[in-house]
Amino acid sequence: METLERILAQHPFFEGLEPEYLKLLVGCASNVRFDADAYLFRQGEEANQFYLLRHGRVAIEMCEPQCRPVRVETLEKDDVLGWSWLVAPHFWRSDGRAVEMTRAIALDGKCLRTKCEQNHDLGYELLKRFMRILEQRLQSTRMQLLDVYATHR
Amino acid sequence: MPLIAEEIEGKAGVSDPMLPQACRVAEIVKETQDTFTLTLEPREGESLARFAPGQFSMLYVFGVGELPISISGDPERSGRLVYTVRSVGQATHALVSRGPGEWVGVRGPFGTAWPLDEARGKDVLIVAGGIGLAPLRPVIYHILRHRDDFVRLLVLYGARAPHDLLFRKELTSWSRTPDTQVLTTVDYGGVAWHGRVGVVTTLFRHLRLHPDQTVAMICGPEIMMRFVISELREIRGIDAGRIYLSMERNMKCGVGLCGHCQYGPYFICRDGPVFPYARLQHLLERHEL
């Protein structure tokens, strides 16, 4: 049977992470499963997790002015979902909804924040990895804003 | 209008690149809300010039205007020419409003082709955005017909929204062929859309590329191509010499005489539309061009 520690070690987000850090992280990790259409989180709720996706697909949804949801991004196997747990005041900025049945490892943000405060090396390592994800998402959002396929171009 | 068609009918097949050949609309298929695929056939007893994937024709809607349109059909199916056209202005609207049996003037094919010889024995990475899939479709047809000549076929395709995705049935059918990976995404999706959402560059994270064994062919809006090239070079390690792109400018004569499509030292109609990225690199970085 696969242990959580092994699953964490094999996820691309934690590639090359020191085993001692993995041991610290595994105490904050749990297996989760979401049915299609289930919400992983809703905008405005406290953000106390992030997810390492193992199977399925999750949509990030924002509300249009009349609150019709628009899918602005989807994430799937090997992706990392959620950074609000890291940035105060720790509230989700969007909805996260399973497009299909999804399996993931959930990492408890409160537990992780405590461990990062106690071990700044672990905190710095996690920050570096999250910054890479944030930079990629920022670039994608900028390209999305350009609306490159619009007719008026 | 029919008078003009009749005038040029008898002269089809002559080698004057400025003289249109009258072709009949055999079929017109609505692909999306604003994009249509036209199949043109020559008059009985006449033939059409062969084309290479990536080339374009000048299509003349009599009395309205002439447009450069890339050929989107199978290069090995002779006797017809297929074009996919997005209706965005007066001339394109007039073109896609032709009904079966109506006449269209065709000049060409013109321009450079995708580097299929160079891609032989390698992985072919096709990255298309919006209607940019149309000029690349002949490459896909060619590869699927000559499957043993190439290693993997990787197709990344992005569109604005689900209803803008072109050739959806074909995308599904291509994805079922061996050694082929087809990934599609849209910039925005509603809750009814269960596919991927995100810009086309986000698809790269689902691929394992072999930079030394890959030839990349890109077609789409210029901004999108810049983002894709940046991803290919800076993150995926693909050398500039292995990247090709198809450029678009306001082409008029099609043969490098009028200068309308000048891009730095090049005429897109004659020296392109398909260019090795290495030739354009210095120009693409200049905003005023």
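Residues numbered from 1 in each chain as written. Chains lettered and ligands numbered in written order. Predicted model: local features only at pLDDT ≥ 70, side-chain atom pairs only at ≥ 80, totals over all residues.

## Structural notes on the interface of chain A and chain B
Keep this limit in mind: It is the C-beta atoms, placed from the backbone, that decide contacts: two residues are in contact if theirs lie within 7 Å. Here a helix means four or more residues in a row that DSSP labels H or I, a strand means two or more in a row labelled E, and each is numbered from the N terminus. Residue polarity is assigned by list, with Asp, Glu, Lys and Arg as charged and Ala, Val, Leu, Ile, Met, Phe, Trp, Tyr, Cys and Pro as nonpolar; anything else, Gly included, falls into the polar class.
Listed as interface residues are 18 residues of chain A and, on the opposing side, 23 residues of chain B. At the level of secondary structure, the elements contributing two or more residues to the side of chain A that touches chain B comprise β5 (69–76) and α4 (120–146) of chain A. Sorting elements by how many residues they give to the side of chain A that touches chain B places β5(A) first, with 6 residues. Along the lines of polarity and charge, the residues of the side of chain A that touches chain B split into 10 nonpolar, 4 polar and 4 charged.

## What to know about the sheet that holds β5(A)
Residue and element names in this part refer to chain A. Going by this rule: Note: two strands are recorded as paired if DSSP finds a minimum of 2 bridges between them. Note on geometry: axes are lines fitted to C-alpha atoms, helical ones only across the stretch in contact, with angles between N-to-C directions running from 0 to 180 degrees.
Sheet architecture is open: 4 strands sit in the order β2-β7-β4-β5, paired in antiparallel fashion. The two strands at the open ends of the sheet, each matched to only one other strand, are β2 (39–41) and β5. Along the sheet, successive strands turn relative to each other by an average axial angle of 30°, direction set aside.

## With respect to the nonpolar core
Residues and elements named next belong to chain B. Put simply, the test is: By convention in this section, buried Ala, Val, Leu, Ile, Met, Phe, Trp, Tyr and Cys residues joined through C-beta atoms within 7 Å make up a nonpolar core. Whether a residue is buried, exposed or partly exposed follows from its count of other C-beta atoms within 10 Å of its own C-beta, namely 20 or more, 12 or fewer, or something in between, respectively; the C-beta atoms are built from the backbone. Each domain's extent was defined by an automatic or database domain assignment.
Grouped together as the largest cluster of nonpolar side chains are 107 residues, with contacts concentrated most on Leu 59, Val 124, Ile 126, Ala 216 and Met 217. Both of domain 1 (2–110) and domain 2 (116–246) provide at least three residues apiece to this core. Val 124 has contacts with Ala 119, Ile 143, Phe 150, Leu 153, Leu 154, Val 215 and Met 217, leaving out every residue within four places of it along the chain.

## Focus: the confidence of the model for chain B
Put simply, the rule reads: Confidence scores labelled pLDDT are given residue by residue by the predictor and lie between 0 and 100.
Averaged over chain B, the pLDDT score is 92; the fraction of residues at 70 or greater is 94%. Overall fold confidence for the complex sits at a pTM of 0.92, while the interface term, ipTM, reaches 0.92.

## A short note on the sheet that holds strand β1 (residues 21–30) of chain B
Residues and elements named next belong to chain B. Ordered in space as β4-β3-β6-β1-β2-β5, the 6 strands form an open sheet in which the pairing is antiparallel. The two strands at the open ends of the sheet, each matched to only one other strand, are β4 (65–70) and β5 (81–86). Across this sheet, the average inter-strand angle for adjacent strands is 40°, counted without regard to direction. As paired strands, β1 and strand β2 (residues 35–42) are joined by 7 bridges and run antiparallel to one another. Pairing of Ile 28 across the sheet is with Leu 38, part of β2.

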